[in-house]
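# Chain and residue survey
Each chain, written out:
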Amino acid sequence: MASKSKRARMAPQRNLAKTFMYWAIAVFVLKLIIIFNIQGGNINISSRPFFVDRIWLGSDGENYLTGYDALSREGVFSKVGILNYWPAGYPLVILFLSILGKSWALTTLSITQSAIFSFSAYFFALQISKTKLKKFSYLVFILILLNPTLSLISVWIGYESLTASGFLLATGLIVKDFIERDNKKFIKYLSINSVIFGLLTFMQPRLIVSGILINLFWILMRKGVKTGSLLVIVSLAITLFFPSTLIYRNHKAIGVNSISTNLGVTMNIGAGDKATGGYMKQGFGVPCTLTGNESQQDNQRVKCVLNWYVSNPTKAIKLFYNKTLYFWSPWFGPEAQGTMARSPWLAVSPIQEMHQGVMAPNLVYGGIGKLISWLWLLGGLALLLYGYLTLWRQNLLERFIGNIAMIVISTNWLISLISIGDHRFRVPIMGMSLFLQAIGLRTLFKGGKAPMVEGPALR
């Protein structure tokens, strides 16, 4: 009689590529149905009515639409303040998509973001299925594609979905390179990834740290220090080209050499003797003497905040602790901290529906709600770290994939420590965190023994 392991090897194998493709298409089609059923309405933009249709606003939707409206009326070098206070990258993306027609710009945006998300989840899971992590790939794919918060955010106005998709695509491309080991294709893949990270930075500058570190790590692993030095410079030049266009735009528009002028303001909100680590309308900030133009004042605020952290280590540690809790806090409930109130999932979430009941507020925001919130927060972090440690114990490729995921996660968390604690800042890294949590979850259910696939064909 054949052994259990032999029978498992002889059993018909699921075609994961087709399975992933069918799921990705199905979810995309479902989103198309949702998109064309979203009711439109007018909002006030620049003291004028602006019709928003077939997409949800998102946390900063009005601001992005104000930027887009200014660009569409005045051109790329519009002097409207929102375009230099915040990065103009995402409004420029909307402007580019409006080439199909201004009345269809937002519809095109929601469809494009949804298509990119489905493809990125498919591509990432497909590459993972070609490694020793094959038995994890289906769970990874489902958790990413069907996560209601991450998936539905592709149908709102905001950079979060595109950046989350970008990290999935870039990581998948790196895994593909390690599987193929084709030096001729390596340069092509590196160039594509450099463009992806450039575009991510174009929309959200703080993501540049993750992009640079990932490509640096990848190049050094593949080519070594001596051969890789020139490639690092080339990759960096490609990546920096995209945010540099924003500096050029702002210089031509108002004579300011910066991507945006809100970094110092944001950091200042999260610092000072009375700061909580989250958003505050008054009583925040550190003393700072400001001179010069907006860009110079922004740089001065950044220096003042950093100096305050160094001079007040005890208060800084307390704020860092608070910001960590806010960064990893649930989307809803007594411990939620951030700007996810407009999350599409919250509009239909069963927990949100419970909150509408007579006794439910006491249940959701009372002791039981707090207990569930803390279990959700600590459980999610525990699974993430367990998944990472599982990969760390594996061979080169699997450990390398885990390290890439942790670079994405840790750099964005660390940046939030000197900025503001907001659970929305976690959305761009959700693909990577869900990946590690899926690894941890399945390993846990297997009694701590990771179900790795063996065989040199997968290496």
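Look up: the structure comes first, before these words.
Before going into details, it helps to say that this report is about the structure given with it. (Residues numbered from 1 in each chain as written. Predicted model: local features only at pLDDT ≥ 70, side-chain atom pairs only at ≥ 80, totals over all residues. Heavy atoms only, no water.)

## Thoughts on the state of the cysteines
With the rule as written, the count across this model stands at one disulfide. Covalently, C288 is tied to C304 through a disulfide, its sulfur atoms 2.1 Å apart. On the S-S bond that ties C288 to C304, the torsion sits near 70°, and the link is right-handed. A residue pair is termed long-range when its members are at least 10 positions apart, and C288 in the loop between α12 (263-269) and α13 (294-311) and C304 in helix α13 qualify at 16 residues. (Disulfide = S-S within 2.5 Å. Helix = DSSP H or I, 4+ residues; strand = E, 2+ residues; numbered from the N terminus.)

## Looking at the side chain of Q113
Summarising the element assignment, Q113 is placed in helix α6 (residues 105-128). Here the side chain of Q113 touches Y90 through a polar contact of 2.6 Å, side chain to side chain. Not counting chain neighbours up to four residues away, the residues in contact with Q113 comprise Y90, I153, S154, W156, G158, S161 and L162. (Polar contact = N/O pair within 3.5 Å; in protein donor to acceptor, adjacent residues only side chain to side chain. Contact = heavy atoms within 4.5 Å.)

## Some words on the pattern of salt bridges
Scanning the entire structure with this criterion turns up ten salt bridges. R48 is the partner of D69 in a salt bridge, and the nearest nitrogen-oxygen pair spans 2.7 Å. With D69 in helix α3 (residues 61-74) and R48 in strand β2 (residues 48-52), this pair connects stretches of sequence that are 21 residues apart. Between K176 and E180 there is a salt bridge, with the nearest N and O atoms lying 2.9 Å from each other. On the criterion of helical spacing, the pair formed by K176 and E180 is a turn pair, its members being four residues apart in helix α9 (residues 160-180). Taken together, the salt bridges that share partners define one network made up of R48, D69, R73 and E74. (Salt bridge = Lys/Arg side-chain N within 4 Å of Asp/Glu carboxyl O.)

## Some details on the pairing of strand β1 (residues 41-45)
Relative to β2, β1 runs antiparallel, the two being bridged by five bridges. Directly across from N42, in β2, lies its bridge partner F51. Here β1 hands over to β2 after two residues, with S46 in that stretch at a positive phi of 55°. (Pairing = 2+ DSSP bridges.)

## Some details on the packing of helix α18 (residues 367-392) against helix α20 (residues 430-445)
The contact between α18 and α20 brings their axes to 7 Å, and the two run at 80°. Overall, the two elements α18 and α20 adopt an arrangement that is roughly perpendicular. On α20, the residues that touch G380, L383, L384, Y386, G387, Y388, T390 and L391 of α18 are S433, F435, L436, Q437, I439, G440, L441, T443 and L444. (Axes fitted to C-alpha atoms, helices over the stretch in contact; angles between N-to-C directions. Parallel < 35°, antiparallel > 145°, perpendicular 65-115°, else oblique.)

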